[in-house]
Structure formats: C-alpha cells, structure tokens
Amino acid sequence: MSHLITCVVFFLLAFVTYTHASGVFEVHNNCPYTVWAAATPVGGGRRLERGQSWWFWAPPGTKMARIWGRTNCNFDGAGRGWCQTGDCGGVLECKGWGKPPNTLAEYALNQFSNLDFWDISVIDGFNIPMSFGPTKPGPGKCHGIQCTANINGECPGALRVPGGCNNPCTTFGGQQYCCTQGPCGPTELSRWFKQRCPDAYSYPQDDPTSTFTCTSWTTDYKVMFCPYGSAHNETTNFPLEMPTSTHEVAK
C-alpha cells in the first residue's frame, strides 16, 4: 500500500509540474495576409490566417530553437510544396531551418543559472515584422522586443529579393559579413539593420545588445507577426498571395 501511495504522489507531482511548467509558446498572426508559421526543433509548422494563434510547448533544455514565418506558400494534401520566403525543404511541418530571408525568434530554455535566453535575429534577413517576449515580463532584460520597421520597403538594392530583404552574409558571404573564422565587427550594412531594429541581432557577434533573459520555469512566451503599429500592417507593404491549389493544407 505504501508503495502504491508513493507512486500516486509521484504521479501527481509530475502532473502538476508539467501542467505548470513554462515553455509554452503562442505564435499569433496579426498580418493582413496568411502566414505559414514554422518552429524547430519542436513545433513543426502551421498555417495561420489573420487573427489566428498556434500554441506549442518546448521542454526545458531546448536550445538552438527558432520560430519564423513563411510567406506565399502553396502546399498539397500531403503537406509538400514551396514558400517564397522561409521555406524549410518544401514541407509544411518543418524539421530543419528556413531558407533566408526570414525574421527569426530564437531561444534556448533552462540554460546555465536557470535562465532562458532569447532574441530576434535578422542575421538570416527579414521577411515579416515580429515581436517576441515573455507573456509576463520580469526584471532586467525579461521584457518584450520587436523588429517592425519597413525593412522590405527600404531594403538596399543589393539585398532585395522577392518577398523580403536578405542579410549581407547570405548575399555576399565571407568573414566580413558572416564572422565564421573569428572575431568581427559591424559593417555598414549590418548597421543599416541595427538602426531600424535596435534590439535585433544584426550580425553574428552582436550579443551585448541583442540577447535577453528570463528565469526558467516561470515564463511563457509570445511571438506575434505584424505586431500593432508595424509598418507592414499597411496594405501597401504586405506580400501578395500566390494562387493556391484546391488541395492546400489548412491546419
């Protein structure tokens, strides 16, 4: 009997811990167009019409995680197709990272000192305005951030691509822009992004001004595409929809 009671107590404690654990992400589409949300290594993908939300849970220890939006997608009944921006291997349910340009929400949960680390990054370029942050802000750098400038409309010509604005590393490559072989600093082009989105990663070693933290196990998060007041809420700035097949997946 004592063994049974112990098992029941352990189960209840585990249930309470799971149901009250942090790491719940809401992804909300406030854009006046369809966004195909994507998330890896947990989440996958989901089609979101304007005003729709998608929730998923990421377990403690999740790292190198990304959430982004894909635009102008066309998928068949098997979830295979193509997206103009943010495409992840031609599938609705993403397993790998998206193809630039794509505005990124990045996070790592329950890391050292029991902290969650998270950011918005334009290192892979920009396609959709975004806000990202804790649902209940805390002290220090535990507060919401956003990247909502009209980057697509003002994008330098060399970085401009259909549906978005590429980062210089994607366009030109090399140590100067990609920082793959040691220390590097900002460039004229990375400063262009930083001036418009001061809280976002603009080049790979832009850590001091671009990394935010919250206490693990007490925080849930929300990503919003086209947050209120963003430039791309205006109908003159959002991408045009591609014709869709009659078999397009709507999840």
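As the structure is a prediction and not an experimental result, all values here were calculated from the model.

## Some words on unusual backbone geometry
- The peptide bond linking Thr 40 to Pro 41 adopts the cis configuration, its omega dihedral lying at 5°.
- Turning to its location among the elements, Pro 41 is positioned in the loop between strand 2 (35-40) and strand 3 (44-48).
- Omega for the peptide link from Pro 100 to Pro 101 comes to 5°, which places this bond in the cis form.
- Here Pro 101 lies in the loop between strand 6 (81-85) and strand 7 (104-111).

## Quick notes on empty space enclosed by the protein
- Under the defined criterion, the tally for this structure stands at two cavities of 30 Å³ or more.
- For the second largest cavity, the calculated volume is near 40 Å³.
- Around the second largest cavity, the lining residues are Asn 167, Pro 168, Gln 176, Tyr 177, Cys 179, Gly 185, Thr 187, Ser 190, Ser 202 and Tyr 203.
- The residue inventory of the lining of the second largest cavity, partitioned by class, reads four nonpolar, six polar and no charged.

## A short note on the confidence of the model for the protein chain
- Confidence in the prediction of the protein chain, expressed as mean pLDDT, is 85, and 83% of residues score 70 or more.
- Segment residues 1-20 is flagged for pLDDT under 50; beyond a separation of four residues in sequence, or across chains, it makes three contacts in the model.
- Per-residue pLDDT stays below 50 along residues 233-251; that stretch engages in 46 contacts with residues further than four places along the chain or on separate chains.

## Focus on helix 5 (residues 188-196)
- Within the sequence span of helix 5, burial applies to Ser 190, Trp 192, Phe 193 and Lys 194.
- Tucked into the core, helix 5 has its buried residues touching helix 2 (151-154), strand 12 (164-165) and helix 3 (168-172).

## Comments concerning the layout of surface pockets
- Roughly 370 Å³ of volume is contained in the largest pocket.
- Lining the largest pocket are 20 residues; nearest its centre among them are Met 64, Arg 66, Glu 106, Asp 119 and Tyr 201.
- Elements supplying a minimum of two residues to the lining of the largest pocket: strand 5 (65-75), strand 7 and strand 8 (115-121).
- Considering only residue class, the lining of the largest pocket consists of eleven nonpolar, three polar and six charged.

## Observations regarding the sheet that holds strand 1 (residues 24-29)
- With respect to topology, five strands assemble into an open sheet ordered 4-1-14-9-10, the strand pairing being mixed. Edge positions in the sheet fall to strand 4 (53-57) and strand 10 (145-147), since each of these pairs with one other strand and no more. Strand-to-strand, the axes of this sheet are offset by a mean angle of 15°, without reference to chain direction.
- Bridging between strand 1 and strand 4 involves five bridges; their strand directions are antiparallel. When the bridges of strand 4 are listed, His 28 appears paired with Ser 53.

## A few points about the environment of Lys 194
- Tracing the chain through its elements places Lys 194 in helix 5.
- Non-local contacts of Lys 194, meaning those with residues more than four positions away in its chain, are made with Asp 199, Ala 200, Ser 202, Asp 206, Thr 209 and Ser 210.
- Within polar-contact distance, the side chain of Lys 194 engages the side chain of Ser 210 at 2.9 Å.

Cut-offs applied
- Residues numbered from 1 in each chain as written.
- Predicted model: local features only at pLDDT ≥ 70, side-chain atom pairs only at ≥ 80, totals over all residues.
- Heavy atoms only, no water.
- Helix = DSSP H or I, 4+ residues; strand = E, 2+ residues; numbered from the N terminus.
- 1 Å grid on protein atoms, 1.4 Å probe; cavity = no way out; pocket = protein on both sides within 12 Å on 5 of 7 lines; lining within 4 Å.
- Points joined across faces, edges and corners; volume = space filled by probe spheres on them.
- Nonpolar A, V, L, I, M, F, W, Y, C, P; charged D, E, K, R; others polar.
- pLDDT = per-residue confidence, 0-100.
- Contact = heavy atoms within 4.5 Å.
- Buried < 20%, exposed > 50% of the residue type's maximum accessible area, 1.4 Å probe, protein only.
- Pairing = 2+ DSSP bridges.
- Axes fitted to C-alpha atoms, helices over the stretch in contact; angles between N-to-C directions.
- Polar contact = N/O pair within 3.5 Å; in protein donor to acceptor, adjacent residues only side chain to side chain.

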